[in-house]
Amino acid sequence: MHYNSRRDGAMQFIYYFWSDLVNLNYGHPEVQRMMIEAGRYWIEKFDIDGYRIDAVWGVNARTPEFMQQWRLALKRLKPEILLLGEDKATWPASFEGRFDVAYDWAPEQDWVSHWVWQTNYSETSNPTIFNNSNQNTRSALLRAALTNNGAGYHPRAKILRFMENNDTFRFLPTHDLNRAKMAATMMFSLHGIPLLYNGQEIGARTHPYQTNSIFLASQSIQALDTQGLFPFYRRLAELRKNFPALHSGNFQEISVTPGSFVYAYRRWQDEQNIFAALNMGNAAVNAALTLPVAQLPLDSAKTYYLTDLRNHESISGTPSDLRTVNIALGAFTTRLFILTDTLIATGVSAPLAASEPLQFSLAQNYPNPFTPTTTIAFHLPQSGRVRLRVYDLLGKEMDVLLEEEKLAGHHKIHFDGRGFPSGLYFYRLEFDGEMKIGKMLLTK
C-alpha cells in the first residue's frame, strides 16, 4: 500500500491501493474480508478522499464480482469516496457497481493499456493521433478516440484523461512544444478528469520509475521549468476551475471547415457555452466554425461576443452573424472561446515577468485612444474583492466593469465604449482598501 500526501490543499489525501498481486485468490471469502477491512481502515482512520486501484483489470478478469462488493462496503462507510480503477473507461462494466472513474484506454483485450491517443503499439516510439504522418486522418482518429469508436460510454462514465503516465512515453520528447500545448489545452477542456503526471508540468524527459529524480528538495518546481510549461498548466487548471462548462459532462462536436485536421466542439453548463477549436495540421489555417446558435436561448436582436479565454480577443455579432465564424488557428493550436452578451474579463492570470513587482497595480488601458473597445489590465498580490468602475469628467459613474472576488495574479477586462459619447473617461480600481485611477480617451 502506498499513498500520496496532500501537496496543495485541494484534497485531504489520495491513497493508492495496490492490488496488482493478481495471483491472490480473490474468490476466497477470507481474502475478500481482509481486502474490504483494509479498504475500510484508511477511511475510518484517516478519512481519505479516494483510492486508485492499481492493475484492477487483473482482479476483474478473475473475480469480477469482488470489486462490486468492495465498492459497496466502502460507499456505505463514506458515500463520497472516489474510486479510480485502473481499467478501461470504454467498458460499461467498469461503471456497473465498480468505479467512479476509469482510464482512457481503448476497449480491445489483446492490448490491456492501449491509450486512446496512441494509434498503434510500439516499444521504441510514440505514434499518436497528433504526430500521425497523414494529417488528413487526424480529425477522424480524434473523433474515434473521443466517442469510443462511435459506441459511446456508460451513462455514469467518468474518464481519467492523460498525455503521459508510467505506461507511456513522455509526450514532449516524442512530439514538440506546440503539440504538447495543443493536446494539453484540449485535455483540460474535455469532460472527465485531466491527469497532470509527475514532471509533466516542467517538461521532464525521463520517468521517475527509472531511478531519476524529477524534483529536487533544493529547487522549486518553477526553477526546473525551462519550457514555460509551469505557468501554462497553471492557467489551464485555473480556466477549468473558473468555468463550470469546462468541468461539466456536456460535450458536442460541432462542424468546422477544414474538417480533416481541424476538430471543434462545444462544452456547456446551464447558460454558459464554451467552444473549442483544435488545429492538428502542420500549418496555420483560417477555420470556419458552425455554431449551434439555434440550440441556444439567444436574443436575435442582441449583440454577443465570442472571447478567447487565453488572449482575450473577441468576435462580436448577432446570433445570425455568429452562425459561422472564421478564426485563425496556428499550426498545432487549440483555442477556447466563451459566448457572452457582454465583453468580459476571463479572470485568468497571465505569466508574471521576473522583473514585475508582486504588488497591487493598474496598467494603462490599451489601445488608448480607442474606438470602440479597449483592455484594462491589473495585478492582484492576493485574492480578494475587486471593484472596477468608469466615470466621466464630472465624476458621474458610467459603468461598473467588475465587482467580484478575484484570484491573485494578472487580470484583463474589456471595456466597450459603443454606447458612450467621445471624450475623456476615468477608470477606478479598488482593492483591499487601496485605489488606483487611470485615464482613457474614447474617439469615434
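Residues numbered from 1 in each chain as written. Predicted model: local features only at pLDDT ≥ 70, side-chain atom pairs only at ≥ 80, totals over all residues. Heavy atoms only, no water.

Right, let's talk about the overall build of the protein chain for a bit. Looking only at helices and strands, the protein chain features seven helices and 23 strands. The long-range fraction of contacts in the protein chain, counting pairs at least 24 apart against all pairs at least 6 apart in sequence, stands at 62%. Approximately 21100 Å² of the protein chain is accessible, and the part contributed by carbon and sulfur atoms is 51%. (Helix = DSSP H or I, 4+ residues; strand = E, 2+ residues; numbered from the N terminus. Contact = heavy atoms within 4.5 Å. Areas by Shrake-Rupley, 256 points an atom, 1.4 Å probe, with all protein chains shown as cover.)

Here the protein chain averages 86 in pLDDT, while 90% of its residues score no lower than 70. Overall, residues 1-23 carries pLDDT values under 50, and its contacts beyond four positions in sequence, including any with other chains, amount to 56 contacts. Contacts from residues 347-357, a stretch scored under 50 in pLDDT, to residues over four places away or in other chains number 26 contacts. (pLDDT = per-residue confidence, 0-100.)

For the coordinates displayed, the defined rule picks out 18 aromatic pairs. Ring centres 6.2 Å apart and planes at 45 degrees place the aromatic pair Tyr 263 and Tyr 265 in the tilted group. Side by side, Tyr 263 and Tyr 265 carry an identical accessibility label, which is buried. When the ring centre of Trp 91 is taken as origin, the NZ or CZ atom of Lys 88, which lies over that ring, is 5.7 Å away. (Phe/Tyr/Trp six-rings, centres within 6.5 Å; stacked < 30°, edge-to-face > 60°. Buried < 20%, exposed > 50% of the residue type's maximum accessible area, 1.4 Å probe, protein only. Lys NZ or Arg CZ within 6 Å of the ring centre and 35° of its normal.)

Residue Asn 368 is joined to Pro 369 through a cis peptide bond whose omega torsion reads 0 degrees. Its place among the elements puts Pro 369 in the loop between β17 (361-362) and β18 (373-380). The omega torsion across Thr 371 and Pro 372 is -15 degrees, close enough to zero to call that bond cis. Unusually for a residue other than glycine, Asp 270 sits at a positive phi of about 55 degrees. Along the chain, the position of Asp 270 falls in the loop between β10 (262-269) and β11 (272-279). Backbone geometry at Phe 332 places phi at a positive 50 degrees, although glycine is not the residue there. Looking at the secondary structure, you find Phe 332 in the loop between β15 (324-329) and β16 (333-340).

What follows covers a nonpolar patch on the surface. On the surface, Leu 393, Leu 424 and Leu 441 cluster together to form a nonpolar patch covering roughly 250 Å² of accessible area. Residue position: Leu 441 is located in strand β23 (residues 434-442). A residue is classified by how much of its surface remains accessible, and Leu 441, at 33% relative accessible area, is partly exposed. (Patch = residues over 30% accessible without salt bridge, like charges linked within 9 Å, V, L, I, M, F, W, Y side chains within 5 Å. Salt bridge = Lys/Arg side-chain N within 4 Å of Asp/Glu carboxyl O.)

A sheet is described by the order of its strands in space; here four strands give the open sequence β20-β19-β22-β23, paired in antiparallel fashion. The open sheet has two free edges, formed respectively by β20 (397-406) and β23, since each of these has just one partner strand. Adjacent strand axes in the sheet meet at a mean angle of 15 degrees, parallel and antiparallel pairs treated alike. Alignment of strand β19 (residues 384-391) against β20, held across eight bridges, turns out to be antiparallel. Within β20, the residue paired with Val 386 across the bridge is Glu 404. (Pairing = 2+ DSSP bridges. Axes fitted to C-alpha atoms, helices over the stretch in contact; angles between N-to-C directions.)

What follows covers the pairing of strand β21 (residues 409-416). Of all eight residues in β21, seven are buried; the element is thus mostly enclosed. With eight bridges joining them, β18 and β21 adopt antiparallel strand pairing. By the bridge assignment for β21, Phe 378 is matched with His 411.

Pairing in this open sheet of six strands is antiparallel, and the strands run β8-β10-β11-β16-β13-β14 from one edge to the other. With partners counted over all chains shown, the strands left at the sheet margins are β8 (252-254) and β14 (314-317), one partner each. With strand direction ignored, the average angle separating the axes of adjacent strands in the sheet is 25 degrees. In this sheet, β10 lies alongside β8 in antiparallel orientation, the contact comprising three bridges. Its bridge partner being in β10, Gln 252 is matched across the sheet by Arg 266.

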